Amino acid sequence: AQKVTQAQTEISVVEKEDVTLDCVYETRDTTYYLFWYKQPPSGELVFLIRRNSFDEQNEISGRYSWNFQKSTSSFNFTITASQVVDSAVYFCALSSGATNKLIFGTGTLLAVQP
Amino acid sequence: DTGVSQDPRHKITKRGQNVTFRCDPISEHNRLYWYRQTLGQGPEFLTYFQNEAQLEKSRLLSDRFSAERPKGSFSTLEIQRTEQGDSAMYLCASRKGGRANEQFFGPGTRLTVL
């Protein structure tokens, strides 16, 4: 069975703090893809990043960075110098198989206080 | 670029009524997905289309639910004899062919069944 676990339900930080959102996944497939999506209060899911199972290279994009570790089945997301506009629910997701449907975690609500 | 659009954005209906939602994917995307999201949860997969063919349906999709994509472009999701438990956000997503491509989501249709 495939599963994504986001153990942190809510995180509250003060602006300019760094914050890491955890994601642990389970799959028996050898080829799979991992994603992070942001869902701001407006409700629309916004794609942030995709990694495939063969590429463990970490990635940095501006204030965002992602740490993919197959050994621990984790795909963590760090926001450096957080801003109020980062406040949202963040979802980690997994896809594999013929249809590549997304299996989402339950999300982490990030609140960045000014 | 025109993103994924969904109509209506909100629907309030009485229990037992039928409702239909529409999704217009990004024009060059031949893969289309429907998901359902309830409060505090991540989206859950409902069904998947490749062009006009419906290739996978979740067990969540009871007999009261039907989805179509008649010409491989827009899609409709119909719920017959709505129940209060159907109240949720219904999300549509589309992507290009090829396994690695990320899904882009529409703004969703929020259904409230009274």
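Up top you'll find the structure we're talking about.
Residues numbered from 1 in each chain as written. Chains lettered and ligands numbered in written order. Predicted model: local features only at pLDDT ≥ 70, side-chain atom pairs only at ≥ 80, totals over all residues. Heavy atoms only, no water.

1. A few points about the overall build of chain B
Consideration 1: A count of helical and extended segments in chain B gives zero helices and 11 strands.
Consideration 2: Secondary structure of chain B in N-to-C order comes out as β-β-β-β-β-β-β-β-β-β-β.
Consideration 3: Computed over its C-alpha atoms, the radius of gyration of chain B comes to 13 Å, within 12% of the 13 Å expected for a compact globule of 114 residues.
Consideration 4: C-alpha extents for chain B along the principal axes are approximately 40 × 25 × 25 Å.
Consideration 5: In chain B, which comprises 114 residues, the proportion classed as buried is 46%.
Consideration 6: Restricting to contacts in chain B with at least 6 residues of sequence separation, those with at least 24 account for 53%.
Consideration 7: For chain B, the computed accessible surface area is about 5,900 Å², with 43% contributed by carbon and sulfur atoms. (Helix = DSSP H or I, 4+ residues; strand = E, 2+ residues; numbered from the N terminus. Rg over C-alpha atoms; globule rule 2.2 N^0.38 Å. Buried < 20%, exposed > 50% of the residue type's maximum accessible area, 1.4 Å probe, protein only. Contact = heavy atoms within 4.5 Å. Areas by Shrake-Rupley, 256 points an atom, 1.4 Å probe, with all protein chains shown as cover.)

2. A few points about the interface of chain A and chain B
In many reports, interface size means the accessible area that the parts give up when they come together.
Consideration 1: Contact residues are listed per partner, giving 19 residues for chain A and 20 residues for chain B.
Consideration 2: Here chain A packs against chain B, burying approximately 1,800 Å² in sum over the two surfaces, 51% of which is carbon and sulfur.
Consideration 3: Ranking the residues of chain A by area buried against chain B places Leu45, Thr99 and Lys101 of chain A at the top, with a combined share of 26%.
Consideration 4: Counting the contacts that link chain A with chain B gives two salt bridges.
Consideration 5: Between arginine 50 of chain A and glutamate 102 of chain B there is a salt bridge, with its nearest N and O atoms 2.4 Å apart.
Consideration 6: Counting the contacts that link chain A with chain B gives eight residue pairs in polar contact (both at pLDDT 80 or more).
Consideration 7: Where the side of chain A that touches chain B is concerned, the elements lending two or more residues are strand S5 (33-39), strand S6 (46-52) and strand S11 (102-104) of chain A.
Consideration 8: Considering each element in turn, the side of chain A that touches chain B owes the most residues, four residues, to S5 of chain A. (Buried area = accessible area lost by both parts, 1.4 Å probe. Salt bridge = Lys/Arg side-chain N within 4 Å of Asp/Glu carboxyl O. Polar contact = N/O pair within 3.5 Å; in protein donor to acceptor, adjacent residues only side chain to side chain.)

3. Structural notes on the sheet that holds strand S8 (residues 75-79) of chain B
Residues and elements named next belong to chain B.
Consideration 1: Read across the sheet, four strands follow the order S1-S3-S8-S7 without closing on themselves; strand pairing throughout is antiparallel. Edge positions in the sheet fall to strand S1 (5-7) and strand S7 (65-68), since each has one partner strand and no second. In this sheet, adjacent strand axes meet at a mean angle of 15° when their direction is disregarded.
Consideration 2: Where strand S3 (residues 19-24) meets S8, five bridges bridge the pair, whose relative direction is antiparallel. Its bridge partner lying in S8, phenylalanine 21 is registered against leucine 77. (Pairing = 2+ DSSP bridges. Axes fitted to C-alpha atoms, helices over the stretch in contact; angles between N-to-C directions.)

4. A closer look at the state of the cysteines
Consideration 1: Applying the stated rule across the entire model yields two disulfides over all chains.
Consideration 2: Note on cysteine connectivity: cysteine 23 of chain A is disulfide-linked to cysteine 92 of chain A, with sulfurs 1.9 Å apart. With the S-S dihedral at roughly -65°, the linkage between cysteine 23 of chain A and cysteine 92 of chain A falls on the left-handed side. A residue pair is termed long-range when its members are at least 10 positions apart, and cysteine 23 of chain A in the loop between strand S3 (19-21) and strand S4 (24-26) and cysteine 92 of chain A in strand S10 (residues 88-95) qualify at 69 residues.
Consideration 3: Classification of cysteine 92 of chain A by relative accessible area gives buried; the value is 0%.
Consideration 4: Covalently, cysteine 23 of chain B is tied to cysteine 92 of chain B through a disulfide, its sulfur atoms 1.9 Å apart. Because the sign of the S-S torsion sets the handedness, a value of about -70° for the bond joining cysteine 23 of chain B and cysteine 92 of chain B places this disulfide among the left-handed ones. On the criterion of sequence distance, the pair formed by cysteine 23 of chain B in strand S3 and cysteine 92 of chain B in strand S9 (residues 88-95) is long-range, its members being 69 residues apart.
Consideration 5: On the basis of relative accessible area, cysteine 23 of chain B is assigned to the buried category, the value being 0%. (Disulfide = S-S within 2.5 Å.)

5. Examining the packing of aromatic side chains
Consideration 1: Scanning all chains against the criterion turns up 22 aromatic pairs over all chains.
Consideration 2: Each ring, one from phenylalanine 35 of chain A and one from phenylalanine 47 of chain A, has its centre 6.5 Å from the other, and the planes form 65°; the classification is edge-to-face. Taken together, the residues span a long stretch of sequence, with phenylalanine 35 of chain A in strand S5 and phenylalanine 47 of chain A in strand S6 at a distance of 12 residues.
Consideration 3: With a centroid separation of 6.1 Å and 75° between ring planes, the pair formed by tyrosine 35 of chain B and phenylalanine 45 of chain B is classed as edge-to-face. (Phe/Tyr/Trp six-rings, centres within 6.5 Å; stacked < 30°, edge-to-face > 60°.)

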